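# Per-entry structural report
The primary structure of each chain is shown beneath.
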Amino acid sequence: LCLGSVAALSQHVQQQQQPQLQLQHQGGVRTVLGRYISPETYTLPRVWGELLQGGGGTASYAEMLAGVQAHNAQHAWSKRGIAVTPVRFDCSPAAVPAAVSVYADGSVLVTHGGIEMGQGLSTKVKQAAVAALSQLLPEEQRPLPLSLVRLAASSSEVVPGGGPSWSSTASEGNCQAVMNAAAKVVARMAPHAQVGKDGLATWQATLAAICTDVGFAPNAAMLSAYGWFDGSTGSGSAKQSVRYSTFGAALSEVELDVLTGERRVLRSSIMYDCGYSLNPGIDLGQVSLHRRFDGSAMPLRVALSCGHFCGC
């Protein structure tokens, strides 16, 4: 790294101003590929503003910039820089099937075509099944215990055409397919509904009314159903594909030792609008995980290997 590059880097940071978001959002925005984003779903300006403002133990952009400029003025061979970048991610859930079966003992078996790879899909699917099946209960007794639900291994023998688990939409699609299947089972159980002292008692009493003589007499209702989410919302002329965008932004501060070439990421703040979270605990963990690995390590490695810090 030449002395001229160090001086240019330092001068650039000293003249740096708080970045402004250029996209206007009155009346919505249109992407370079022609995708229209309505004003009510275009949340990037709010995300951008709140991130730069800081709060909740996080420094604002202005505070970080002042600290960076002070450091660079006092250190000739150690330079810091900050940057804030926005991101938009397109989402379009694929069509997926699911199957739900309720047994006489009250247990529930769910089969879906998604692949659990650490994103919390299994937990979300079980919660979706409980939410849909609990509609059979009086509101004050909801929800059913999550322990009633178990997941079968994903198998094309049970749910053919399982669809892909990609693009951050596997949970959304499979949960909806499971809820559609569970809703069919609830509709068949509803004419036989009983009321107990609590949700579990109500559930078991209703099943007892349906399965009167297990192993000998047929059930009074079919307790298995397939569900299908076709990747759309609405019906009839109002039916349309589910397509939307999520927005986020990140503010990072890095340090470069211009003598040894050592680089350090000092801190990084992320703000992400994921809409209505299926499970906030899991989704928060996903953001933290991707920040550490996919969100920071991979792009940083690419930038460094391409010589983006050399000033050449």
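Residues numbered from 1 in each chain as written. Predicted model: local features only at pLDDT ≥ 70, side-chain atom pairs only at ≥ 80, totals over all residues. Heavy atoms only, no water.

With that out of the way, let us pick up the overall build of the chain. Along the chain, the regular secondary structure elements total seven helices and 11 strands. Classification of the 312 residues of the chain by burial places 36% in the buried group. Within the chain, contacts between residues separated by at least 24 positions form 71% of all contacts whose residues are at least 6 apart in sequence. When the accessible surface of the chain is summed, it comes to about 17,400 Å², and 56% of that surface belongs to carbon and sulfur atoms. (Helix = DSSP H or I, 4+ residues; strand = E, 2+ residues; numbered from the N terminus. Buried < 20%, exposed > 50% of the residue type's maximum accessible area, 1.4 Å probe, protein only. Contact = heavy atoms within 4.5 Å. Areas by Shrake-Rupley, 256 points an atom, 1.4 Å probe, with all protein chains shown as cover.)

Bringing helix H4 (residues 121–133) into the picture now. With 13 residues, H4 extends 18 Å from end C-alpha to end C-alpha; this agrees with the ideal 18 Å at 1.5 Å per step. Here H4 has its buried residues at Leu121, Lys124, Val125, Ala128, Ala129, Val130, Ala132 and Leu133. (Expected span 1.5 Å × (residues − 1).)

Moving on, we get to the sheet that holds strand E6 (residues 149–151). Backbone-to-backbone hydrogen bonds join strands into a sheet, with any given pair of strands oriented parallel or antiparallel. Taken in spatial order, the four strands make up an open sheet running E6-E5-E4-E7, and their pairing is mixed. A single partner strand is all that each edge strand has here, and the edge strands are E6 and strand E7 (224–229). Here the average twist between neighbouring strands, direction ignored, is 25 degrees. Examined bridge by bridge, strand E4 (residues 96–102) and E7 share six bridges and lie antiparallel to one another. Considered in E7, the bridge of Ala99 is made with Tyr226. This element, H4, spans E4, strand E5 (108–112) and E6 of the sheet and lies at about 140 degrees to E6. (Pairing = 2+ DSSP bridges. Axes fitted to C-alpha atoms, helices over the stretch in contact; angles between N-to-C directions.)

With that settled, consider the side chain of Thr43. Looking at where Thr43 falls in the secondary structure, it is placed in the loop between strand E2 (36–37) and helix H2 (44–53). Leaving out residues up to four positions away in the same chain, Thr43 has contacts with Phe247 and Asp273.

What follows deals with helix H6 (residues 199–210). The end-to-end C-alpha distance of H6 is 17 Å, a good match for the 16 Å that 12 residues give at a rise of 1.5 Å each. Within the span of H6, buried status applies to Gly199, Thr202, Trp203, Thr206, Leu207 and Ile210. Viewed along the axis of H6, the buried residues span an arc of 130 degrees, placing them on a single side of the element. Each element contacted by the buried residues of H6 is listed here: E4, E5, H4 and helix H5 (170–189). For H6, the N-terminal cap is Asp198; the gap from its side-chain oxygen to the backbone nitrogen of Leu200 is 3.3 Å. (Arc of directions from axis to C-beta. Polar contact = N/O pair within 3.5 Å; in protein donor to acceptor, adjacent residues only side chain to side chain.)

Another point: the nonpolar core. Grouped together as the largest cluster of nonpolar side chains are 35 residues, with contacts concentrated most on Val102, Val108, Val110, Leu133, Met189, Trp203 and Leu223. Mapped onto this core, the elements with two or more residues apiece are E4, E5, H4, H5, H6 and E7. If one sorts the elements of this core by residue count, H5 sits on top with eight residues. Once residues within four sequence positions are removed from consideration, Leu133 is found in contact with Val102, Val108, Leu144, Ala182, Val186 and Trp203. Membership of the second largest hydrophobic core comes to 13 residues, among which are Met64, Leu65, Ile82 and Val84. (Core = buried A, V, L, I, M, F, W, Y, C linked by side-chain atoms within 4.5 Å.)

Moving on, we come to the sheet that holds strand E3 (residues 78–91). With respect to topology, three strands assemble into an open sheet ordered E3-E10-E11, the strand pairing being antiparallel. A strand with exactly one partner marks an edge of an open sheet, and here the two such strands are E3 and strand E11 (263–273). Across the sheet, the mean angle separating the axes of adjacent strands is 15 degrees when strand polarity is ignored. Sheet topology places strand E10 (residues 244–257) next to E11; 10 bridges connect them, and they run antiparallel. When the sheet's bridge partners are listed, Val254 is paired in E11 with Val265.

Let's shift gears to the pattern of salt bridges. A complete count under the given rule lists 10 salt bridges for this structure. Note that Arg80 is salt-bridged to Glu253, the shortest N-O span being 3.8 Å. Of this pair, Arg80 sits in strand E3 while Glu253 is found in strand E10, placing the two residues 173 residues apart along the sequence. Assessed through its relative accessible area of 23%, Arg80 is described here as partly exposed. Note that Asp230 and Lys239 form a salt bridge whose closest N and O atoms lie 2.8 Å from each other. When salt bridges that share partners are traced, they join Arg80, Glu253, Glu255, Arg264 and Arg267 into one network. (Salt bridge = Lys/Arg side-chain N within 4 Å of Asp/Glu carboxyl O.)

Most of E4 sits inside the fold, with seven of its seven residues counted as buried. Pairing between E4 and E5: five bridges, direction antiparallel. From the neighbouring strand, Val102 faces E5, where its bridge partner is Val108. Linkage of E4 to E5, two consecutive antiparallel strands, is achieved through a turn of five residues, within which Gly106 is found at a positive phi near 100 degrees.

Tallied over the full model, the rule gives one aromatic pair. A ring pair is formed by Tyr42 and Phe247, whose centres lie 5.3 Å apart and whose planes are at 85 degrees; its orientation type is edge-to-face. One end of the pair, Tyr42, is in the loop between E2 and H2; the other, Phe247, is in strand E10, and 205 residues separate them in sequence. On the basis of relative accessibility, which here comes to 2%, the residue Phe247 falls in the buried class. (Phe/Tyr/Trp six-rings, centres within 6.5 Å; stacked < 30°, edge-to-face > 60°.)

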